Amino acid sequence: MFENIVLILEVLVILFIIAVSAKYKNWPTLALGIISAAIFAYTFTNAPHAEGASFNIDQFSQIMILIVNIVGTAIILFATGYMDEYEEHRHLNRQKTFYFTMSFFLAAMNGLVMADTLGWLFLFWELTTLCSFVLISYNMDEEGINNGFRALALNLVGGIAFSVGIILLATNDIATLSGIGVYAGTDAAAMAVVALPVALLCIGGFAKSAQMPFQSWLLGAMVAPTPVSALLHSSTMVNAGVFLVVKLVPAFAGSSLGTAIAVYGSFTFVMCSALALSQRNAKRVLAYSTIANLGLIIASAGIGTPLAVAAAIMLILFHAISKALLFLCTGEIEHTIGSRDIEDMSGLVKKAPLLTTLAALGMVSMLLPPFGVLLTKWVSMEAASSNPIVIVFLILGSALTTVYYAKWMGTILSSSMDKNAVHHKKPETYFPLSFLGLAIVATSILVFTIYDYFIRPQVEILLNTAPTVSGQAGQFTSEIGAFAYAAIFVALALAFVIYFATRNMFTPRTAGYYMCGENNMEMDKLMFRNGLCSYDKSSVSNIYLQNTFGESKLTTLGYAISIILIIIALAGGVLI
């Protein structure tokens with residue numbers, strides 16, 4: 001019965017991909033769909049069939065289920081207050097399709113993180129790809145459809161690599177995800193046997209997590225409604241890829257394949273952090289930030305030590321919550337000021353103080369102590385200290401992350417605002433935003449409780465040993481150093497108390513400004529006569545370093561190096 005269910009659903013998925021590709025005459029996607037169909041037919045006819053569906057709900061799966069269902073529900077609740085206005089502006093009436101696909105997406109993700117049988121895992125994998133295509137092309141305009149097909153095509157490439165990996169594993173009678181680690185743990189020869197199929201499975205994970213050179217599909221996903229972006233970038237689609245790579249750690253830990261994966265992930269981290277630095281579009285900044293942080297997770301998995309794997313799993317949790325909040329806040333800011341350009345958000349705190357506070361909290365949680373994302377980056381750097389290339393990439397990427405989030409946060413907290421803002425305080429919008437903000441604080445405070453209950457047992461399952469980490473009295477201590485997060489929370493609380501106690505004690509002082517020339521106060525307060533005696537209008541903005549970190553400068557280089565690193569990883573799988 002289970003085999004028939006898999007067969008029917010797989011055939012339906014493939015037929016849909018082929019039909020929609022033919023309808024829109026997207027020949028590359030059609031070719032990939034036909035290749036997928038051929039591989040599926042070969043697998044079904046030649047690979048040994050599983051006797052039934054096997055599920056493995058370990059602590060990591062429990063974390064993923066909590067992320068998918070809690071964060072996903074918050075996103076859908078936000079959508080109930082967001083989609084009416086969104087569709088009104090675009091003259092759409094497709095909310096039934098929207099909510100059905102979003103819910104089906106969450107259901108497929110639940111199946112993906114619980115399934116252990118590789119056939120079932122691949123089915124749920126392809127269902128998430130299908131849902132992402134429908135949601136990205138939701139607006140049904142040319143831009144949306146083109147980006148939907150890009151996502152479909154790149155994920156089909158990853159799916160083909162995944163399928164070939166399953167076929168190679170089947171030749172050794174390995175039909176479950178947990179069975180890969182068990183087989184590889186037998187001896188060095190067994191690890192060498194599964195190295196190539198594991199490398200192929202990891203490539204499927206890289207595509208799903210939009211790592212270079214597959215990142216363009218996730219950047220294109222920002223044309224979809226904000227709840228779709230939040231769901232794809234935080235709690236569902238991209239997390240499926242890193243979930244798979246972390247689950248495969250026992251099969252490559254300590255090997256040359258693991259080293260190649262660590263270098264590849266850390267390269268994506270630093271490259272996409274640099275690309276984010278050059279962006280003014282807030283959604284594009286978040287997209288590059290997502291790809292970068294997923295690269296950090298993959299790098300931690302590639303390092304393969306107990307400390308690094310613990311950091312990878314914790315980062316998945318903290319990143320999902322923070323990034324969901326930031327995407328939803330960005331969508332609400334766009335509705336408030338009519339723009340997603342960071343420079344147009346100047347002085348937002350005066351027009352929408354609660355929204356600005358929540359957005360600032362999301363940014364702070366990504367770059368400052370004592371929040372969980374920084375804590376896990378610190379742990380990742382400790383774990384990477386034995387690999388000079390990886391540690392340098394992680395340090396540079398973390399520094400760039402601080403720059404682009406700090407300048408964005410400074411903009412929204414600044415005092416000027418010359419754009420009209422229409423602020424809507426809908427409870428169905430602000431409840432999920434506030435909930436996610438509280439979740440950031442709560443998970444950061446309870447970081448060691450989460451570690452002790454979920455992370456330590458999972459690392460023991462994967463690597464048969466636990467990281468040497470303790471957390472007594474609000475202090476997270478590893479084999480290299482300690483992080484006193486309780487003391488920092490106390491200092492932050494005191495800072496807020498001092499601010500609210502003294503904010504009315506001082507009178508703001510207004511000063512004039514000089515604009516490098518003769519000010520013309522009669523025409524316009526922002527006009528001045530320059531050195532050539534003509535009038536200019538002054539403007540103030542952040543520096544984006546387009547000539548250094550722009551997409552035209554770095555993307556091609558990133559493609560080339562990332563492809564080389566993937567080839568090296570495959571070579572490691574062949575030659576290990």
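Notes on the structure follow. Going along each chain's sequence as written, the residues are numbered from 1 onward. Local features in this predicted model are restricted to residues of pLDDT 70 or higher, and side-chain atom pairs are both shown and tallied only at a pLDDT of 80 or more, whereas totals for entire chains, interfaces and linings draw on every residue. Hydrogens and water molecules were not included; the side-chain quantities draw on all heavy atoms of the structure.

## A closer look at the overall build of the chain
- Helix and strand content of the chain: 24 helices and five strands.
- Only protein chains enter the calculation, and the probe is 1.4 Å; a residue is then buried if its accessible area is under 20% of its type maximum, exposed if over 50%, and partly exposed in between. By residue count, 58% of the 576 residues in the chain fall in the buried class.
- Here a residue-residue contact requires only that any non-hydrogen atoms of the pair lie within 4.5 Å. Sequence-distant contacts, at least 24 apart, represent 78% of the contacts inside the chain between residues at least 6 apart.
- Carbon and sulfur atoms make up 65% of the accessible area of the chain, which amounts to about 23100 Å² in all. In this description a helix means any DSSP run of H or I spanning at least four residues, a strand means any run of E spanning at least two, and both kinds are numbered starting from the N terminus. For the area figures, the Shrake-Rupley method with a 1.4 Å probe applies, and any residue is considered shielded solely by the protein chains shown.

## Digging into the environment of Phe327
- Tracing the chain through its elements places Phe327 in helix α15 (residues 306-337).
- With 101 residues separating them along the chain, Phe327 and Thr226 place their C-alpha atoms 6.7 Å apart.
- Each residue touching Phe327, except ones within four places of it in the same chain, is listed here: Thr226, Ser229, Ala230, His233, Lys283, Leu286, Ala287 and Thr290.

## Some remarks on helix α3 (residues 59-90)
- Values of bend correspond, residue by residue, to the angle between axes fitted over the seven residues ending at that residue and the seven starting there. The sharpest bend along α3 measures roughly 45° and falls at Tyr82.
- Just beyond α3, the residue with positive phi is His91, at close to 55°.

## Thoughts on a nonpolar patch on the surface
- Residues qualify for a patch when their relative accessible area is over 30% and they have no salt bridge, like charges being joined within 9 Å and the nonpolar side chains of Val, Leu, Ile, Met, Phe, Trp and Tyr within 5 Å. Think of a salt bridge as a Lys or Arg side-chain nitrogen and an Asp or Glu carboxyl oxygen that are within 4 Å of each other. A surface patch of nonpolar side chains, about 430 Å² in accessible area, is lined by Leu66, Ile70, Leu77, Phe431 and Phe435.
- Among the secondary structure elements, those contributing two or more residues to the nonpolar patch are α3 and α20 (427-445).
- When residues of the nonpolar patch are assigned to their parent elements, the largest contribution, three residues, is made by α3.
- Looking at the secondary structure, you find Leu77 in helix α3.
- Under the relative-accessibility criterion, Leu77 is labelled partly exposed at 31%.

## Concerning the nonpolar core
- We call a set of buried Ala, Val, Leu, Ile, Met, Phe, Trp, Tyr and Cys residues a nonpolar core when their side-chain atoms join them within 4.5 Å. The biggest cluster of nonpolar side chains holds 196 residues, and the ones touching the most others in it are Ile180, Phe206, Val246 and Trp408.
- For this core, the element with the highest residue contribution is α15, accounting for 22 residues.
- Beyond its immediate sequence surroundings of up to four residues, Val246 is in contact with Phe60, Ile297, Ala301, Val309, Ala312, Ile313, Ile316 and Leu462.

## Describing the packing of aromatic side chains
- Any two rings among Phe, Tyr and Trp, with Trp reduced to its six-membered ring, count as a pair given centres within 6.5 Å; such a pair is stacked if its planes are under 30 degrees apart, edge-to-face if over 60, and tilted if neither. Tallied over the full model, the rule gives 18 aromatic pairs.
- Taking 5.9 Å as the distance between ring centres and 40° as the angle between the ring planes, the aromatic pair formed by Trp120 and Phe124 counts as tilted. Taken together, the positions of Trp120 and Phe124, both in helix α5 (residues 118-136) and four residues apart, correspond to about one turn of that helix.
- On the accessibility criterion, Phe124 (13% relative accessible area) is buried.
- When the ring of Tyr453 is compared with that of Phe454, the centres are 4.8 Å apart and the planes differ by 85°; the resulting orientation is edge-to-face.
- With relative accessibility at 55%, the residue Tyr453 sits in the exposed group.
- Site record: aromatic cluster; members linked through ring pairs are Phe16, Tyr24, Phe133 and Phe149.
- The rule for a charge over a ring is simple: NZ of Lys or CZ of Arg within 6 Å of the ring centre, and within 35 degrees of the ring normal. One cation-aromatic arrangement involves Arg94 over Tyr138; the distance from NZ or CZ to the ring centre is 5.0 Å.

## Focus: the pattern of salt bridges
- What the rule picks out here adds up to five salt bridges.
- Between Asp341 and Arg280 there is a salt bridge; the shortest N-O distance is 3.0 Å. Remark: Arg280 occurs in the loop between α13 (256-277) and α14 (282-303) and Asp341 occurs in the loop between α15 and α16 (348-351); sequence separation between them is 61 residues.
- We note a salt bridge from Arg284 to Glu551, for which the minimum N-O separation is 2.9 Å. Within this pair, whereas Arg284 is found in helix α14, its partner Glu551 is found in helix α24 (residues 551-575), the two being separated by 267 residues in sequence.
- Owing to a relative accessible area of 19%, Arg284 belongs among the buried residues under this scheme.

## Section: the packing of α5 against helix α6 (residues 142-170)
- For every element, the axis is a line fit to its C-alpha atoms; helices are fit only across the contacting stretch, and the angle between N-to-C directions ranges from 0 to 180 degrees. The geometry of α5 relative to α6 is characterised by a closest axis approach of 8 Å and an angle of 170° between their N-to-C directions. Of the possible angle classes, the one that applies to α5 and α6 is roughly antiparallel.
- Partitioning the contact of α5 with α6 into residue classes produces 13 nonpolar, seven polar and one charged. Here is the rule for angles: anything less than 35 degrees is roughly parallel, anything more than 145 is roughly antiparallel, 65 through 115 is roughly perpendicular, and the remaining ranges are oblique. In the scheme used here, Gly and all other residues not listed as nonpolar or charged are polar, with Ala, Val, Leu, Ile, Met, Phe, Trp, Tyr, Cys and Pro taken as nonpolar and Asp, Glu, Lys and Arg as charged.

## Describing the packing of helix α17 (residues 353-367) against helix α19 (residues 388-412)
- Direction vectors running N to C along α17 and α19 enclose 165°, while the axes themselves pass 10 Å from each other. In terms of their interaxial angle, α17 and α19 are classed as roughly antiparallel. Judged by the sense of rotation from one axis to the other, the crossing of α17 with α19 is left-handed. Taking contact as the criterion, the partners of Thr356, Ala359, Ala360, Met363, Val364, Met366 and Leu367 in α17 are, on α19, Thr401, Thr402, Tyr405, Ala406, Trp408, Met409 and Ile412.
- Partitioned by chemical class, the residues of the contact of α17 with α19 number eleven nonpolar, three polar and no charged. Left-handed describes a crossing whose near helix is turned anticlockwise from the far helix by less than a right angle; the clockwise case is right-handed.

## Digging into the side chain of Arg340
- Within the secondary structure, Arg340 sits in the loop between α15 and α16.
- N or O atoms closer than or at 3.5 Å make up a polar contact, with two conditions inside protein: a donor-capable atom paired with an acceptor-capable one, and, for residues adjacent in sequence, both atoms drawn from side chains. At 3.3 Å, the side chain of Arg340 and the side chain of Glu334 are in polar contact.

## Re unusual backbone geometry
- For the peptide bond that leads from Met212 to Pro213, omega is 5°, which places it in the cis range.
- Residue placement: Pro213 occurs in the loop between α8 (188-208) and α9 (216-220).
- A positive phi angle, near 60°, is found at Asp173, a position not held by glycine.
- Relative to the helices and strands, Asp173 is located in the loop between α6 and α7 (177-184).

## Quick notes on α8
- Expected span, for any helix, means 1.5 Å times one less than how many residues it has. Taking 1.5 Å per residue as the helical rise, α8 with its 21 residues ought to reach 30 Å, and the 29 Å between its terminal C-alpha atoms agrees with that figure.
- Of all 21 residues that make up α8, 16 are buried, and the element is covered over most of its length.
- Remark: Ala210 follows α8 within two positions and exhibits a positive phi of approximately 60°.

## Here we look at the environment of Leu168
- Assignment of secondary structure puts Leu168 in helix α6.
- Expressed as a C-alpha distance, the spacing of Leu168 and Pro197, which sit 29 residues apart in the sequence, is 5.9 Å.
- For Leu168, the contacting residues outside a window of four places in its chain are Leu196, Pro197 and Leu200.

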